[in-house]
Each structure stands twice: as structure tokens, then as C-alpha cells.
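# Report on the structure
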Amino acid sequence: MEENKLLEVRNLKKFFPINRGFFNRKVGEVKAVNGVDFSIYQGETLGLVGESGCGKTTLGRAILRAVEPTSGQVLFRTGEGKVVDVTKAEDRQLKKIRKDMQLIFQDPYSSLNPRMTVKDLVGEPLLVNKIARGKGLQQKIIELIEQVDLRPEYMDRYPHAFSGGQRQRIGIARVLSLNPRFIVCDEAVSALDVSIQAQIINLLQELQQKYKLTYLFIAHDLSLVKYLCDRIIVMYLGKIVEIADSEQLFTQTRHPYTEALLSAVPRVDPKRKSSKIILKGEVPSPINPPAGCYFHPRCNYVQEKCRREEPLFRNVGQEGEEHYVSCHWAEQLGPKEVM
Ligand code: SF4
């Protein structure tokens, strides 16, 4: 793995078995993540977008081994510079890696124990991981609470006494307590009001600069992802269909699914006409995905080959650029400026 990479995901799969009948026999599988490859560079914010049910949350969790991957590799560069395959790490090693790789949830309320005060919630990871205790613990808790712009006077209160944005700050303080280097933000601001979203985004950006953090930012708000992320991954039915630099994804869109997804984003400039692409039908089932290109039943550019052959995921970027796409006709269709 190259020096500038923090993480490399290779052919990662996560299938959930479907068991039925008296003997609880396996009758099928939900192919939530179906063979994905990508890298995350040190210090970047990588966006991960797609319709709900496309597998983005499962992918985020499989990387952290919060759900056990079915197969594939997740190579992670530790603080000491060693490359470890997270999928194969044994308990002791995994415990160490987990301090480095953290998750911010969409709904901080359900992830915070309602019977614990803010002090206990922020202090818990410090105690469990033997990072601080006694007076040092108290001091560290205060520092963390101040770092997420909460007032230490409130640290004896319970989560229900806080607003959604404040609860997300408590969640971030908990995550920060372990000094992580990589954070998966799973729809971390989706449940918040727009003004509060902006505050949390600013906080995440400040923390990234201060601690040189690397983010995988899972979201469905494309305008937000465009603003925040250096590069963006687009997922469809458990597979990655396009990866590109943020600006490039919006101005030189290559995949027909990305084109449709971006066309649905409301325009800020009233002079620019919006031409929303309406996709045919529903997203197919991940239990029985279509043959060939998974997107073919809904694609406006479908041809015979698309129904038979799965497209190669390849770099179509200009010299030195990385713009990966999985469409047989990416070169012929050419780049499109959707936004
Ligand atoms: Fe559409 Fe064919 Fe490209 Fe798939 S391979 S996105 S069906 S044109």
C-alpha cells in the first residue's frame, strides 16, 4: 500500500444470509456490499453517496468490522506505520486498531445511554481503555467537552436535557477521547436542522485540521458532500459505480446513475435550468441483482452488452487523474456537467 494511503479496501463483500423453515436453512443472501475496491488518502474527506439501501452504511461498518465482512481485505496503516488487514486482525490487535478507527452515528440519542451523564459518557471510553483516571480523567473530560464547544457546567446533565446538535457534540467528544485517526461519519448531520448541520460540519472541519483526521463521510445530501469532501464515491446496489474528485464528479460526470442522482439536486443558480432525470422502475433487490450491469434495467443508455456483461471498474481520468467508473460506454458517452 502506498505511503500516502491510510486505508485500502480490496474486493470487500458483506452478504447477510436469509434463513427460513423449520431447520432454519439458508435460502438466499442479501448482497449488501458486493465486491468494492477503493483507497482513502491520509487527511482527506471521502464522501460516500447513493440511494438508501445501496449498502453505504453496511460498507462503513464492514470497514470498521462493526459488522463482520464476508470476504475481502481492509488494509489500514496504523500510527506506527504498519499495514494491518482489519478483517483478519485478532482480538487484541483489533482492540488497538479500534481506537484509531471510530464511528459517528446519525442518531446520537440512540447511541448515548440515557442513564449516563455527559461526564460519564465522555469519560467511559477513557476509563475502559485505561487512557486516564482520577484527577487526570476529570481534566481530560473537561478538555474534550470544551473542544466540542459544550460548557463543562452541563456535564452532570443527562442526554435528554440537550438539543440534537448538542447530543451530536457529546457523541463527537466520546469519539475524540480515543485520539482516532480515521472516523466514519454515518449520516452524522442528516437528522439535524440546516443551521445546526452547518455548526457540526464546521466543528468536524476544525477537528480535522487540528488532529489531521481522515473522514469517510456517508450522506445522501449531495450539495453537502460537494462542499465538504475531497473525493466522492457513488454506490448502487452494493457496488461502486464511480469515484472521482469532488469537483470533477459534478462537472465531468461519467456514470449514467451518477448523472441521474446529481440531476435531482436543486439548483442554487435560478438561471440554470434543472433537467431532472427520471429513472425507470425501482431499485432491484440486492437478494437477486440483475445480470450484467446492475444498473441496466433503469439506465437510459442501455445496450445489449449491458444486459450480459458486467462492466469493468476502470480509470477513465485524464493523465494523472483518478476517475474510476463502471460503465461499458463511459468513453463513448463522454463527461457531462450535471451541476
Ligand atoms: Fe448504463 Fe450500460 Fe453503462 Fe450500465 S453499462 S450504466 S446499463 S450504459
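Read on for an overview of the structure. (Residues numbered from 1 in each chain as written. Predicted model: local features only at pLDDT ≥ 70, side-chain atom pairs only at ≥ 80, totals over all residues. Heavy atoms only, no water.)

## Regarding the overall build of the protein
Note the threshold: Numbering of helices and strands runs from the N terminus, with a helix taken as a DSSP run of H or I at least four residues long and a strand as a DSSP run of E at least two residues long. Every radius of gyration here is taken over C-alpha atoms, with the globule rule written as 2.2 Å times N^0.38, N being the number of residues. Exposed residues in this analysis have more than 50% of their type's maximum accessible area, buried residues have under 20%, and partly exposed residues fall in between, with area computed by a 1.4 Å probe over protein chains only. Asp and Glu count as negative and Lys and Arg as positive, but His and the ends of the chain are not part of the count. By convention, the point assigned to a charge is CZ for Arg, NZ for Lys, CD for Glu and CG for Asp.
A count of helices and strands for the protein gives 12 helices and 12 strands. Relative to a compact globule of 339 residues, whose C-alpha radius of gyration would be 20 Å, the protein shows 21 Å and is just as compact. The C-alpha extent of the protein, read off along each of the three principal axes, is 70 × 60 × 45 Å. Across the 339 residues in the protein, those meeting the buried criterion constitute 50%. Looking at charge distribution, the protein has the averaged site of its 49 positive side-chain charges lying 5 Å from that of its 41 negative ones.

## Here's the deal with helix α4 (residues 118-128)
To keep it simple, the criterion reads: Contact criterion: two residues are considered in contact whenever any of their non-hydrogen atoms come within 4.5 Å of each other.
Residues of α4 that are buried: Val118, Leu121, Val122, Gly123, Pro125 and Leu126. Elements in contact with the buried residues of α4: α5 (134-147) and α6 (164-176).

## Section: the environment of glycine 134
Here glycine 134 lies in helix α5. Exposure remark for glycine 134: the relative accessible area of 54% places this residue in the exposed category.

## A closer look at the site of the ligand
Here is the rule we go by: Proximity is defined per residue: if any heavy atom of the residue lies within 4 Å of a molecule or strand, that residue is considered near it. A cavity, in this analysis, means grid points on a 1 Å lattice covering only the protein atoms where a 1.4 Å probe fits yet has no way out; a pocket is instead an open set bounded by protein on both sides within 12 Å along at least five of seven lines, and a residue lines either one if it has an atom within 4 Å of a point. Put plainly, a molecule is in a cavity or pocket when over half of its atoms are within 2 Å of the grid points there. Amino acids outside the nonpolar list (Ala, Val, Leu, Ile, Met, Phe, Trp, Tyr, Cys, Pro) and the charged list (Asp, Glu, Lys, Arg) are all regarded as polar, and Gly is one of them.
As a structural note, the neighbourhood of the ligand is formed by His255, Pro256, Cys293, Phe295, His296, Cys299, Tyr301, Cys306, Cys327, His328 and Trp329. For the ligand, the cavity whose grid points lie within 2 Å of the majority of its atoms is the largest cavity. Residues belonging to the shell around the ligand are distributed by class as follows: eight nonpolar, three polar and no charged.

## Observations regarding helix α2 (residues 91-100)
To keep things clear, this is the line we draw: The arc in question is the one spanned by the directions pointing from the helix axis to the C-beta atoms.
The complete set of buried residues in α2 reads Leu94, Ile97 and Asp100. Seen along its axis, α2 keeps its buried residues to an arc of 100°; they face one direction. In this structure, α2 carries Asp91, Arg92, Lys95 and Lys96 as exposed residues pointing more than 90 degrees from its buried face. The inward-facing, buried residues of α2 abut β4 (71-77), β5 (83-85), β6 (101-104) and β7 (182-186).

## Quick word on the layout of surface pockets
Here is the rule we go by: Grid points are joined across faces, edges and corners, and a volume is the space filled by probe spheres set on the points.
Approximately 560 Å³ is the volume found for the largest pocket. Along the wall of the largest pocket there are 23 residues; nearest its centre are Gln102, Leu103, Phe105, Arg174 and Leu178. Elements that contribute at least two residues to the lining of the largest pocket include exactly α2, β6, α3 (108-111), α4 and α6. When residues of the lining of the largest pocket are assigned to their parent elements, the largest contribution, five residues, is made by α6. A per-class count over the lining of the largest pocket returns 13 nonpolar, five polar and five charged. Taken together, 16 residues form the lining of the second largest pocket, with Lys239, Ile240, Glu310, Phe313 and Ser326 sitting closest to its centre.

## Comments concerning the environment of glutamine 303
Topologically, glutamine 303 is positioned in the loop between α10 (256-263) and α11 (304-308). Residues glutamine 303 and glutamate 321, spaced 18 residues apart in sequence, show a C-alpha to C-alpha distance of 28 Å.

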